[in-house]
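Inside the fold
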Amino acid sequence: MRADVGDKIHIHSRSVGMDELQGEIIEVRGQDGEPPYMVRFADGHVGLLYPGPDSMIEHRSAQA
């Protein structure tokens, strides 16, 4: 998985009734765009994230 600052991350729920988490990548700490990522989630929470297989990156270029 590779990402750049400004990309969006979507973490799909693995449980019925739980919402998908969404956030913006504000810092890439791995080499060449690899995890971990500092993410600002929609609720304002900021945290370090190692995305799992239930995660998807939406690149900035695709958002335009």
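Structure: see above.
If you're wondering where the values come from, they're calculated on a predicted model, not measured in any experiment.

**Some points on the nonpolar core**
The biggest cluster of nonpolar side chains holds 9 residues, and these are Ala3, Ile9, Ile11, Ile25, Tyr37, Val39, Phe41, Leu49 and Ile57. Listed by contribution, the elements that provide at least two residues to this core are β1 (8–11) and β3 (37–41). For this core, the element with the most residues is β3, which contributes 3 residues. Leave out the neighbours within four places in its chain, and phenylalanine 41 touches Ile11, Leu21, Gln22 and Gly23.

**Some thoughts on the environment of glycine 47**
Relative to the helices and strands, glycine 47 is located in strand β4 (residues 46–49). As for glycine 47 and tyrosine 37, which are separated by 10 residues in sequence, their C-alpha atoms are 8.2 Å apart. Excluding anything up to four places from it in sequence, glycine 47 contacts Tyr37, Met38 and Val39.

**Thoughts on the pattern of salt bridges**
Pairing between side chains of opposite charge can happen when their charged atoms approach one another. Counted by the stated rule, this structure contains 2 salt bridges. Glutamate 27 serves as the salt-bridge partner of arginine 29, at 3.1 Å between the closest nitrogen and oxygen. We classify glutamate 27 as partly exposed; its relative accessible area is 34%.

**With respect to the side chain of histidine 10**
Structurally, histidine 10 is set in strand β1. According to the relative accessible area criterion, histidine 10 is buried, its value standing at 10%. Looking at histidine 10, its side chain comes within polar contact range of the side chain of glutamate 20, at 3.2 Å. Dropping the residues within four chain positions of it, histidine 10 is found in contact with Glu20, Leu21, Gln22, Asp54, Ser55, Met56 and Glu58.

**Some details on the environment of arginine 29**
Tracing the backbone shows arginine 29 in the loop between β2 (21–28) and β3. According to the relative accessible area criterion, arginine 29 is partly exposed, its value standing at 47%. Spatially, the C-alpha atom of arginine 29 lies 10.0 Å from that of leucine 49, the residues being 20 residues apart in sequence. Ignoring any residue separated from it by four or fewer positions in sequence, one finds arginine 29 in contact with Glu34, Pro36, Met38 and Leu48. For arginine 29, the side chain forms a polar contact with the side chain of glutamate 27, separated by 3.1 Å.

What counts as what
Residues numbered from 1 in each chain as written. Predicted model: local features only at pLDDT ≥ 70, side-chain atom pairs only at ≥ 80, totals over all residues. Heavy atoms only, no water. Core = buried A, V, L, I, M, F, W, Y, C linked by side-chain atoms within 4.5 Å. Buried < 20%, exposed > 50% of the residue type's maximum accessible area, 1.4 Å probe, protein only. Helix = DSSP H or I, 4+ residues; strand = E, 2+ residues; numbered from the N terminus. Contact = heavy atoms within 4.5 Å. Salt bridge = Lys/Arg side-chain N within 4 Å of Asp/Glu carboxyl O. Polar contact = N/O pair within 3.5 Å; in protein donor to acceptor, adjacent residues only side chain to side chain.

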